[in-house]
Amino acid sequence: MAKVLVTGGLGYIGSHTVVELLAQNHEVIIVDNLSNSEYCILSKISEITHTTPAFEQIDICDTDALRACFKAHGPIHAVIHFAAYKAVGESVSNSLLYYKNNVLGLLSVLECMREFSVCNIVFSSSCTVYGQPTQLPVTEQAPIQKALSPYGNTKQICEEIICDAIHSYNDICAVILRYFNPIGAHPSACIGELPKGVPNNLVPFITQTAAGVRKQLQVFGNDYNTPDGSAIRDYIYVVDLAKAHVKALDKLCAQTTHSGYELFNLGTGTGISVLEMVHTFERVTGVSVPYTIASRREGDIEQVWADTTRANRELDWFANTSLEDILLSAWNWEKKIRNL
Ligand code: UD1
């Protein structure tokens, strides 16, 4: 049992991870500034787990406030660091906001960790660091490519900061998790993704279109070099993803080394096209999703999916939820929040 500080613990992936941590009897302190999450998620977590974790409404960039939190809740065994901005388009139009929040946030977390002798960190990175890989499925050894957005660049920079800090101080153990495309909601339909405004991501757009909130989905491109012409991604169930964080934490807490880092891809290992996603959703829910074909979205890559061998072997982690069940969970969540 570890005492874990979870930054961004009321967000989409954070809240699902908190649920899995509590299910494994870990003690959780959530730090969240509610910039892209809701306070009511805390009671939803309690509803699912019958436990209420400690909660501090703190902006992690406020190092003094974060320091006070580390002090009040110490000794902390590990940090799982989710808190960051993640909207690609917004990062293009307001890049400094992204660099400030994502990079300074990590620096503040690392500073507090070192001050309070907390050596373990799990960091949320993204498959965006690979760009369009030349070989598929993509392994952790694939070269990093120049980021296509400031958001993607913050993930690359943060990975480098962690590695440099390990090199400098020799007192940090990190697991860097490169997520592919997280989707779906908790089976209880108590927590899920809450996009603000018009969703950028595919699955919330599909579920909102099915619910009648959006008129039609635009499929961005049908002229890619893929079997049906639409782009291919690796869609990973958010609950499977959350469980990987618990495995990563357990690995960190069990190891005897004082410093170093490991990198893991977290995906399913299977690529699915946009049109396959739409048609699978329609088949499992019986609800039609009107769509049109639109031009390619700027900055999108053609296809990517993960080689998950390393996470399977080293973390003993497998993403085994079917796409059908994942899409049903997303639909149940959409219906719940729309009172359908
Ligand atoms: C995006 C980000 C990625 C981030 C992830 C999670 C880019 C280039 N990448 O991934 O860094 O980690 O979100 O926030 O933005 N699509 C449509 N119609 C839509 C929406 C999406 O056809 O209305 C297509 C896209 O063109 C893409 C696929 O669906 O081919 C998945 O898109 P999306 O869910 O936005 O994820 P990514 O772009 O893969």
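Residues numbered from 1 in each chain as written. Predicted model: local features only at pLDDT ≥ 70, side-chain atom pairs only at ≥ 80, totals over all residues. Heavy atoms only, no water.

As a further point, take the overall build of the chain. A count of helical and extended segments in the chain gives 11 helices and 13 strands. Scaling as 2.2 N^0.38, a compact globule of 340 residues should have a C-alpha radius of gyration of about 20 Å, and the chain matches this with 19 Å. Its C-alpha atoms put the chain at 55 × 45 × 40 Å along the principal axes. Out of the 340 residues belonging to the chain, those deemed buried represent 53%. Carbon and sulfur atoms provide 49% of the accessible area of the chain, an area that totals close to 14,900 Å². (Helix = DSSP H or I, 4+ residues; strand = E, 2+ residues; numbered from the N terminus. Rg over C-alpha atoms; globule rule 2.2 N^0.38 Å. Buried < 20%, exposed > 50% of the residue type's maximum accessible area, 1.4 Å probe, protein only. Areas by Shrake-Rupley, 256 points an atom, 1.4 Å probe, with all protein chains shown as cover.)

Let's shift gears to the pattern of salt bridges. Inspection of every chain in the model, using the stated rule, returns 15 salt bridges. Here Glu115 and Arg67 are joined by a salt bridge, their closest N and O atoms 2.8 Å apart. Placement of the pair is Glu115 in helix H5 (residues 95-115) and Arg67 in helix H3 (residues 63-73), with a sequence separation of 48 residues. Judged by its relative accessible area of 23%, Arg67 is partly exposed. The residue Arg283 makes a salt bridge to Glu324 at a minimum N-O spacing of 3.0 Å. In this pair, Arg283 is assigned in helix H9 (residues 274-285) and Glu324 in helix H11 (residues 323-337), connecting sequence segments 41 residues apart. Given the relative accessible area of 28%, Glu324 is considered partly exposed. (Salt bridge = Lys/Arg side-chain N within 4 Å of Asp/Glu carboxyl O.)

For the rest of this paragraph, the subject is the packing of aromatic side chains. Taken as a whole and assessed by the stated rule, the structure comprises 5 aromatic pairs. Seen in terms of ring centroids, Tyr85 and Tyr98 are 5.4 Å apart; in terms of plane orientation they differ by 55°. Their pairing is tilted. Linking Tyr85 in the loop between strand S4 (78-81) and helix H4 (88-93) with Tyr98 in helix H5, this pair joins segments that are 13 residues apart in sequence. Judged by its relative accessible area of 23%, Tyr85 is partly exposed. (Phe/Tyr/Trp six-rings, centres within 6.5 Å; stacked < 30°, edge-to-face > 60°.)

The subject of this paragraph is unusual backbone geometry. Cis geometry is found at the peptide bond from Gly74 to Pro75, where omega equals -5°. Structurally, the position occupied by Pro75 is in the loop between H3 and S4. The omega torsion of the bond from Leu136 to Pro137 falls at -5°, within 30 degrees of zero and hence cis. Along the polypeptide, Pro137 turns up in the loop between strand S5 (120-126) and helix H6 (150-169).

All right, on to the site of the ligand then. Neighbouring the ligand are 20 residues; Leu202, Gln218, Arg233, Arg297 and Asp300 lie closest to it. Between an oxygen atom of the ligand and a side-chain N or O atom of Asn181, the distance comes to 2.9 Å. Within the backbone of Gln218, one N or O atom sits 2.7 Å away from a nitrogen atom of the ligand. Starting from 740 Å² of accessible surface for the ligand in isolation, the protein chains cover 88%. Those elements giving two or more residues to the shell around the ligand turn out to be helix H7 (202-210) and strand S8 (217-220). Among the elements that take part in the shell around the ligand, S8 stands out by supplying 4 residues, more than any other. Classifying every residue of the shell around the ligand by side-chain character gives 10 nonpolar, 7 polar and 3 charged. Lining the shell around the ligand are residues from two domains, each supplying at least three of them: domain 1 (3-183 + 236-266) and domain 2 (202-233 + 269-334). (Near = heavy atom within 4 Å. Polar contact = N/O pair within 3.5 Å; in protein donor to acceptor, adjacent residues only side chain to side chain. Nonpolar A, V, L, I, M, F, W, Y, C, P; charged D, E, K, R; others polar. Domains from an automatic or database assignment.)

A separate point is the environment of Asn200. Of note, Asn200 is situated in the loop between strand S7 (181-183) and H7. For the pair Asn200 and Ile272, spaced 72 residues apart in sequence, the C-alpha separation works out to 18 Å. Setting aside chain neighbours within four positions, we find Asn200 in contact with Ala87 and Arg297. (Contact = heavy atoms within 4.5 Å.)

A word on the packing of helix H1 (residues 12-23) against helix H2 (residues 41-49). Between H1 and H2, the least distance of the axes is 10 Å, while the angle of their chain directions is 35°. Every pair of crossing elements has a handedness; the one defined by H1 and H2 is right-handed. Contacts between H1 and H2 involve Ser15, Val18, Val19 and Leu22 on the former and, on the latter, Ile41, Ile45, Ile48 and Thr49. Taken together, the residues of the contact of H1 with H2 break down into 6 nonpolar, 2 polar and no charged. (Axes fitted to C-alpha atoms, helices over the stretch in contact; angles between N-to-C directions. Left-handed = near helix turned anticlockwise from the far one by under 90°.)

In terms of domains, the chain is made up of domain 1 (3-183 + 236-266) and domain 2 (202-233 + 269-334). Computed from C-alpha atoms alone, the centre-to-centre distance between domain 1 and domain 2 is 24 Å. With 27 residues of domain 1 at the contact, the number on the domain 2 side is 25 residues. When domain 1 packs against domain 2, the two sides together hide about 2,300 Å² of surface, and 68% of this comes from carbon and sulfur. Put simply, domain 1 and domain 2 have 2 salt bridges between them. Note that Arg310 and Glu140 form a salt bridge whose closest N and O atoms lie 4.0 Å from each other. (Buried area = accessible area lost by both parts, 1.4 Å probe.)

Moving on, we come to H2. Buried within H2 are the following residues: Ile41, Leu42, Ile45, Ser46 and Thr49. In an axial view of H2, the angular spread of the buried residues amounts to 150°, which keeps them on one side of the axis. Summarising the contacts, the buried residues of H2 are in contact with H1, strand S2 (27-31) and strand S3 (54-56). Looking one or two residues beyond H2, the residue adopting positive phi is His50, at roughly 60°. (Arc of directions from axis to C-beta.)

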